[in-house]
Amino acid sequence: MNFIPCVAWVPKGIAKRCPEKLQLTPEELKNLIQETKEINGADDQLEDDSEEETHSNASEDDNNSSSKTKDVSKVDDDDDNNSLSKAKEDSEVDDDDDFEARYNLDTYDDNDDDKPFMNIADVVVHADNKDDEYLIGDDKSGSEEENEDFLIKDNDNLLVVGHVEENTSVMEVYVYNKDDEVLYVHHDIDLPSFPLALEWLDFNPSDDTPGNYVAVGDMSPVISIWDLDIVDILEPVYCLGEKTKKKEKNQKVKSKRHKDAVISLSWNKHVRNILASGSADSSIILWDLQEGTSLKKFKFHTGKVQALQWHPFESYFLLSGCTDGCKSLDMSQERNMLLTAGMDGTLKVWNVENGFVFLKSLKLKVGSIYTAKISPDSGLTTAIGGNDPSHNLKVMDIVEKLKDEKVEKKSKVKNTMPTTSRSPPTKKPRFDRRSGTSSKKSKHNVKNYK
């Protein structure tokens, strides 16, 4: 299993030139280590309890079986048993002393040169390589190429890609530059569940200045918002649709949350605090990002809401598609073009300036198409994700495909032979200077000419 279920573009000039690297303070690191110890301790306690329960059950079975076969006559051997147990304890103490002396356990922790990685503090990623004691020489400064790739230029787009491979789910952040023909992974973010929908937005309720965030819909009914300007981020900035610990008495509040996976998202660029989400429960919810609550829940469809898209100019129009064949849709803000994609691996291009006019159907070699998104800055440059394990991500310019079709049509018209009763003109025999004779075309060449 290796596929791309969702992608999202980040406009040019939005991302920080030098993204922040997550750096834990000593206090945060201490708390994290303590939490890890508590979790491990709880797991060990559960294992010990299960082992004790197993031993106790086994001993009860032994006692029951022995009680059935034991003899009525019983001999009191308490003195012999006490002497045997005492000798056994003395033997175990001698073995422990020999073991400690043999492996020099008293001074085992004094040598730090070859100390292995024993806790989370040893494997922490440093914001600056110079702070990492395990790196030496050029590794501390990093290569010039790596440092240059880490910086994001003003004319770079970011492409956020949800990638599922076997049981691993990650969100890969690509740098894309059409002019420089550059596409590479800048950093990635581990996700707790399979991503099904991604949507870029710049709204943060706790900050008035626009930011760089992505909303993620996954197999749960909860939507998580992540900060793309932080590398190695561990958790989302905030979430929508989470259940509160307190019991909600109001049934209306309960009904305004999704009951199944969130599989489509669309952010309203004109009313920045509004986010629309579509779910496998056939519902569409409008969220108020400022308050973190749902405003309205719609039940327009009977199937899963696979695609959502706000109108690029009219803030009150929302386009939706369900599981009647449409897997993904996106609209260009400049050219009045609409893209629709399906599980048959076909991408269709529509002109929606005056109704729906079908322009072209493209058969792409990415397997079944799960997602197709148009870049906000590069015309009809589109990112397509599919389920072909060897080639599941494709970035292409739709305009070039449309131009190629027009050129192809013109060339076909130009090269078409006129339909007449006349036979093709006969060519003069070619004169061979070496032999002094003329040669005729072969039958094979004549057939090709016709």
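Structure report, in brief. (Residues numbered from 1 in each chain as written. Predicted model: local features only at pLDDT ≥ 70, side-chain atom pairs only at ≥ 80, totals over all residues. Heavy atoms only, no water.)

1. Regarding the side chain of S169
- With respect to the secondary-structure elements, S169 resides in strand β4 (residues 168-177).
- With near-sequence residues (within four places) excluded, S169 lies in contact with H163, V164, I189, D190, L191, S193, F194 and P195. (Helix = DSSP H or I, 4+ residues; strand = E, 2+ residues; numbered from the N terminus. Contact = heavy atoms within 4.5 Å.)

2. A closer look at the pairing of strand β12 (residues 274-279)
- Most of β12 sits out of view: 6 of its 6 residues are buried.
- Residues of β12 alternate between two faces, with I274, A276 and G278 on one and L275, S277 and S279 on the opposite face, all of them buried.
- Here strand β11 (residues 262-267) pairs with β12 via 5 bridges, running antiparallel. Counterpart to L265 in the pairing with β12 is S277.
- Two successive antiparallel strands, β12 and strand β13 (residues 284-288), enclose a turn made up of 4 residues, where S282 displays a positive phi of approximately 75 degrees. (Buried < 20%, exposed > 50% of the residue type's maximum accessible area, 1.4 Å probe, protein only. Pairing = 2+ DSSP bridges.)

3. Examining the pattern of salt bridges
- Applying the stated criterion across every chain yields a total of 4 salt bridges.
- A salt bridge links E20 to K16; the shortest N-O distance between them is 2.6 Å.
- Judged by relative accessible area, which is 41%, E20 ranks as partly exposed.
- For K16, a relative accessible area of 35% corresponds to the partly exposed category.
- The salt bridge partner of D397 is K178, with a shortest N-O separation of 2.8 Å. Of this pair, D397 sits in strand β23 (residues 393-397) while K178 sits in the loop between β4 and β5 (182-190), and the two are 219 residues apart along the sequence.
- Residue K178 is classed as partly exposed on the basis of its relative accessible area of 34%. (Salt bridge = Lys/Arg side-chain N within 4 Å of Asp/Glu carboxyl O.)

4. Some remarks on the sheet that holds β23
- Strand order across the open sheet formed by 3 strands is β21-β22-β23, with antiparallel pairing between neighbours. In the strand order of this sheet, the two ends are held by β21 (369-374) and β23, each with one partner. Averaged over all adjacent pairs, the angle separating strand axes in this sheet is 20 degrees, with direction ignored. (Axes fitted to C-alpha atoms, helices over the stretch in contact; angles between N-to-C directions.)

Without other data, these values stay purely geometric and don't point to any function.
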